[in-house]
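One letter stands for each residue in the lines below.
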Amino acid sequence: MIRTRGERPATKRQGAPATWWLQHKQDAADSLRRLLAAPLSSLMTVFVIAIAMLLPSLVLLINSNLGNLLEEFRSSARLTLYLEEATTEAEATATSEYLLTLDSIDSVDFISQTQALEDFSAAAGLRDVLTSFSDNPLPASLVVTPAEVSADDVQALAAELEARPEVALVQVDQQWIQRLEALAGLLRVVARTLGIIVVLGVAFIVGNTIRLSVENRRDEIRVIKLVGGSDGFIARPFLYTGLYYGICGGVLALLMLLLIGLALAAPLRALTGPGASALTGLSPAGALLPVLAGAAVGWAAALIASRRCIGTIDP
Amino acid sequence: MIEFDRVSKRYGGGQDALANINFTLGKGEMAFLTGHSGAGKSTLLKLILAMEPLSGGRLTVAGLDMSRLPRRRIPPHRRRIGTVFQDHQLLFDRSVAANVALPLRVSGFPPQDIQRRVRAALDKVGLLGKEKLSPAQLSGGEQQRVGIARAVVGRPGIILADEPTGNLDPALSSEIMAVFRQFREIGVCLLIATHDTRLIQGGGCRVLTLDRGRLVSDQPAAT
């Protein structure tokens, strides 16, 4: 390269940040123009990516709502304290008053032996059988409603109460909540597995699209290589193309998710009843996830595919 | 600038495309490379551009040993060389200006510089005013001139030209040669592969003649 006054060699120029930024802007705009020039095929690719990304996003949405529901159920968990046979009603009342002084307890209901028998016989329809017993076999109990606490706190409270001498047994009405928690855990695993499959799928779709794109521009790439264009320089517009595919696919997946959420809201409300919380969408961070994941996977797939294909083209 | 030392090139099991080539081309020197079709002119240019690996010998271009040039160093090496191709190698989906600007873009020149240099290069080859046209709208001769403008726009230290005046009329050929001479005067090393005997006779330059891959003649420049 012949140098004239005040000029630096061309190879040194690539570090100039302003020029680097301008070139990126130009490549980004050029990639966008090429995508818009073939709207149908671009839209089809974006749509396929969106469908692929919708699946794990949907599982995430269901999981997020299940989590909300679980929180509500957890706060409504109750403990039944079955008292020792020898406990008098006065002792039970004293215990009840003591429990109400604890911050972790919201309310306490005392159910005497007589009340328990009446309730049971009314519910089971076994009045005749139960009256045949000489003694009332049912124990007195205290029904404790904890304040808004987590499942772990409820378990800790149960253990604490079980240690009291007047308490024979503590029953925590949480088994079905634990099953629901297990289901939520399973859904998280499903979402993660689907996420991995989708990442591979999206990478394959974008990679293949970029590979075809590179093949279509083989002659142009040869010329750019002849005048000294590096593989990185040539790959740049393809990276933007991959990025656009990923972002657009993620945004479309998010829109479809919103529509599905809206469509499911009414039937779910009917199912859970008016008191239950309505279907909620993903949190802002959760909503950004498909878009960011799409962008990252699109860019990475384009990087791998374009570098591999461009490297095989010799001028 | 260019030094061939017992250079040979053999393509996959066939005959030697080039055998025992020895010559040196210095800074500010201009030479014609001539010979029949298949004599090895294009292969020789490809070796300089690192488009093909050497089979033997040593080739040094602008201080770089071509046999030891790593792949990542090939693009910067090509940026130091301006090349005029026989088949122009233009991009028909881009404007004339964008084609000429290509070597500057890959070298990372700022846009203002690119615009100024592209206009100057197009002015040199008589195409100023046609920047926005597509190469498809130009004649063969004009396309060749776009290729020449692209080769000189980055003010390279070496210019290689493969039949640069093949599609040009004699008047335009003389103008292009005048452009090349201007570059020689500022120290650029030029190697021009051509069949055009009129160009060679009127050039007053060193003439390298290839025949079946061998350098059979090295005539110094007429004084």
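On a predicted model such as this, the values are computed, not experimentally measured, just so you know.

A. Highlighting the overall build of chain A. In terms of helices and strands, chain A carries 11 helices and four strands. A burial count over chain A gives 30% of its 315 residues as buried. Pairs at least 24 apart in sequence give 85% of the contacts found in chain A among residues at least 6 apart.

B. Expanded view of the nonpolar core. Among the nonpolar cores identified, the biggest contains 112 residues, and Leu33(B), Val100(B), Ala149(B), Val152(B), Ile159(B), Leu160(B) and Leu190(B) are the most heavily contacted of them. Leave out the neighbours within four places in its chain, and Leu33(B) touches Lys41(B), Leu44(B), Leu191(B), Ile192(B), Ala193(B), Leu208(B) and Leu210(B). Membership of the second largest hydrophobic core comes to 15 residues, among which are Ala77(A), Leu79(A), Ala92(A) and Val144(A).

C. Inspection of the environment of Ala161(B) at higher detail. Residues and elements named next belong to chain B. Here Ala161 lies in strand β7 (residues 158-162). Given 24 C-beta atoms within a 10 Å radius, Ala161 is considered buried. The residues touching Ala161, leaving out its near neighbours within four places in the chain, are Val84, Ile192 and Ala193.

D. Up close: the sheet that holds strand β4 (residues 56-61) of chain B. Residues and elements named next belong to chain B. Taken in spatial order, the four strands of this open sheet run β2-β1-β4-β5, and their pairing is antiparallel. Each edge of the open sheet carries a strand with a single partner, namely β2 (16-25) and β5 (64-65). One ladder, built from six bridges, connects strand β1 (residues 2-10) with β2; its direction is antiparallel. Bridge pairing in β2 links Phe4 to Phe23.

E. How the structure looks around the sheet that holds strand β6 (residues 81-84) of chain B. Residues and elements named next belong to chain B. The six strands are arranged β6-β7-β8-β3-β9-β10 in an open sheet whose pairing can be described as mixed. The sheet is open, and its two edges are formed by β6 and β10 (214-219), each paired on a single side. Here the average twist between neighbouring strands, direction ignored, is 15°. Summarising the sheet, strand β9 (residues 206-211) and β10 pair through five bridges and their orientation is antiparallel.

F. Representation of helix α5 (residues 140-152) of chain B within the structure. Residue and element names in this part refer to chain B. Its 13 residues give α5 an end-to-end C-alpha distance of 19 Å, which sits within 8% of 18 Å, the value for a rise of 1.5 Å per residue. Within α5, 11 of the 13 residues are buried, leaving the element largely enclosed by the surrounding structure. Looking at the buried side of α5, the elements it contacts are β6, α3 (96-107), α4 (111-124), β7 and α6 (170-185).

G. Expanded view of the interface of chain B and chain A. Each partner contributes residues to the interface: chain B has 24 residues there, and chain A has 21 residues. Elements represented by at least two residues in the side of chain B that touches chain A include exactly α2 (74-79) and α3 of chain B. When grouped by side-chain class, the residues that make up the side of chain B that touches chain A number 13 nonpolar, seven polar and four charged.

H. Expanded view of the pairing of strand β1 (residues 79-83) of chain A. Residue and element names in this part refer to chain A. Side-chain alternation along β1 places Leu79, Leu81 and Leu83 on a buried face and Thr80 and Tyr82 on a face that remains uncovered. Here four bridges tie β1 to strand β3 (residues 141-146), and the two strands are oriented antiparallel to one another. Each bridged residue has a counterpart across the sheet, and for Leu81 the counterpart in β3 is Leu142.

I. Fine view of helix α2 (residues 17-37) of chain A. Residues and elements named next belong to chain A. End to end, α2 covers 30 Å across 21 residues, agreeing with the expected 30 Å (1.5 Å per residue, within 8%). Of the residues making up α2, those classed as buried are Thr19, Gln23, Ser31 and Leu35. Buried residues of α2, viewed axially, fall in a sector of 145°; they line one side. Exposed residues on α2 whose side chains face more than 90 degrees from its buried face are Ala18, Trp21, Lys25, Ala29, Arg33 and Leu36.

The rules we used
In this convention, every chain numbers its residues from 1, walking through the sequence in written order. Whichever chain is written first is A, and whichever ligand is written first is 1; the rest continue in order. Restriction of local features to residues with pLDDT of at least 70 applies here, the model being predicted, together with a cutoff of 80 or more for giving and counting side-chain atom pairs; totals for whole chains, interfaces and linings are based on all residues. Working definition: helices are DSSP H or I runs of at least four residues, strands are E runs of at least two. Numbering for both runs from the N terminus. Neighbour counting defines burial: a residue surrounded by 20 or more other C-beta atoms within 10 Å of its own C-beta is buried, one with 12 or fewer is exposed, and intermediate counts give partly exposed, using backbone-placed C-beta atoms. Contact between two residues is assigned when their C-beta atoms, built from the backbone, lie within 7 Å. By convention in this section, buried Ala, Val, Leu, Ile, Met, Phe, Trp, Tyr and Cys residues joined through C-beta atoms within 7 Å make up a nonpolar core. Here the rule is simple: two strands pair whenever DSSP picks up at least two bridges between them. Each axis is a line fitted through C-alpha atoms, taken for helices only over the stretch in contact, and angles between the N-to-C directions span 0 to 180 degrees. Here the expected length of a helix is defined as 1.5 Å per residue gap, with one fewer gap than residues. Amino acids outside the nonpolar list (Ala, Val, Leu, Ile, Met, Phe, Trp, Tyr, Cys, Pro) and the charged list (Asp, Glu, Lys, Arg) are all regarded as polar, and Gly is one of them. Directions from the helix axis toward the C-beta atoms define the arc.

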